[in-house]
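If you want the building blocks of each chain, they are given just below.
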Amino acid sequence: MYSQDAISGRRRGRPEPTAEMLSGLACLICGTDYRSAPAPEAVVVSHRDDRQLLACHGTCARMASGSVNGLDETPLPLAERVRRHQADHS
């Protein structure tokens, strides 16, 4: 597993989240695009502006939230996240 120092260093070195990350369409850590990835298991790791921020289950979730399972919350369906993203950027 990663040490707290490694996790903290990774957080400090990460650029600002993209629009896709803020819409829950891409992993906050590795950038996996959930629209094209073959069934990745995304978990909610945080919230920003009443939006769910997601990360891939496991290492990415641990780096984003401190837990491999993220928060105890079900992510919105992908179709809903895509619809909201398109509405925000049209």
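Structure's up top.
Criteria and cut-off values
Residues numbered from 1 in each chain as written. Predicted model: local features only at pLDDT ≥ 70, side-chain atom pairs only at ≥ 80, totals over all residues. Heavy atoms only, no water. Buried < 20%, exposed > 50% of the residue type's maximum accessible area, 1.4 Å probe, protein only. Helix = DSSP H or I, 4+ residues; strand = E, 2+ residues; numbered from the N terminus. Pairing = 2+ DSSP bridges. Salt bridge = Lys/Arg side-chain N within 4 Å of Asp/Glu carboxyl O. Polar contact = N/O pair within 3.5 Å; in protein donor to acceptor, adjacent residues only side chain to side chain.

Undergrad: Quick question: what am I supposed to make of the pairing of strand E2 (residues 51–56) here?
TA: Side chains on a regular strand alternate between the two faces of the sheet. Of all 6 residues in E2, 6 are buried; the element is thus mostly enclosed. With 6 bridges connecting them, strand E1 (residues 42–48) and E2 associate as antiparallel partners. Residue pairing across strands places Val43 opposite Ala55, the latter belonging to E2. Between E1 and E2, which pair antiparallel one after the other, the connecting turn spans 2 residues, and Asp49 there sits at a positive phi close to 55°.

Undergrad: Would you mind showing me how to read the pattern of salt bridges here?
TA: Pairing between side chains becomes possible if they bear opposite charge and their charged atoms approach one another. All chains considered together, the criterion is met by 5 salt bridges. Across the pair Glu16 and Arg48 runs a salt bridge, and its minimum N-O distance is 4.0 Å. Note that Glu16 is positioned in the loop between helix H1 (4–13) and helix H2 (19–22) and Arg48 in strand E1, a separation of 32 residues in sequence. One salt bridge connects Asp33 with Arg35, and the closest N-O pair in it is separated by 2.8 Å. Taken together, the shared-partner salt bridges connect Glu80, Arg83 and Arg84 into one network.

Undergrad: How do you make sense of the environment of Ser65 when you look at a structure like this?
TA: With respect to the helices and strands, Ser65 occurs in helix H3 (residues 59–65). Spatially, the C-alpha atoms of Ser65 and Ser46 are 7.1 Å apart, while their sequence positions differ by 19 residues. Engagement of the side chain of Ser65 in a polar contact is seen with the backbone oxygen of Ser67, the distance being 3.3 Å.

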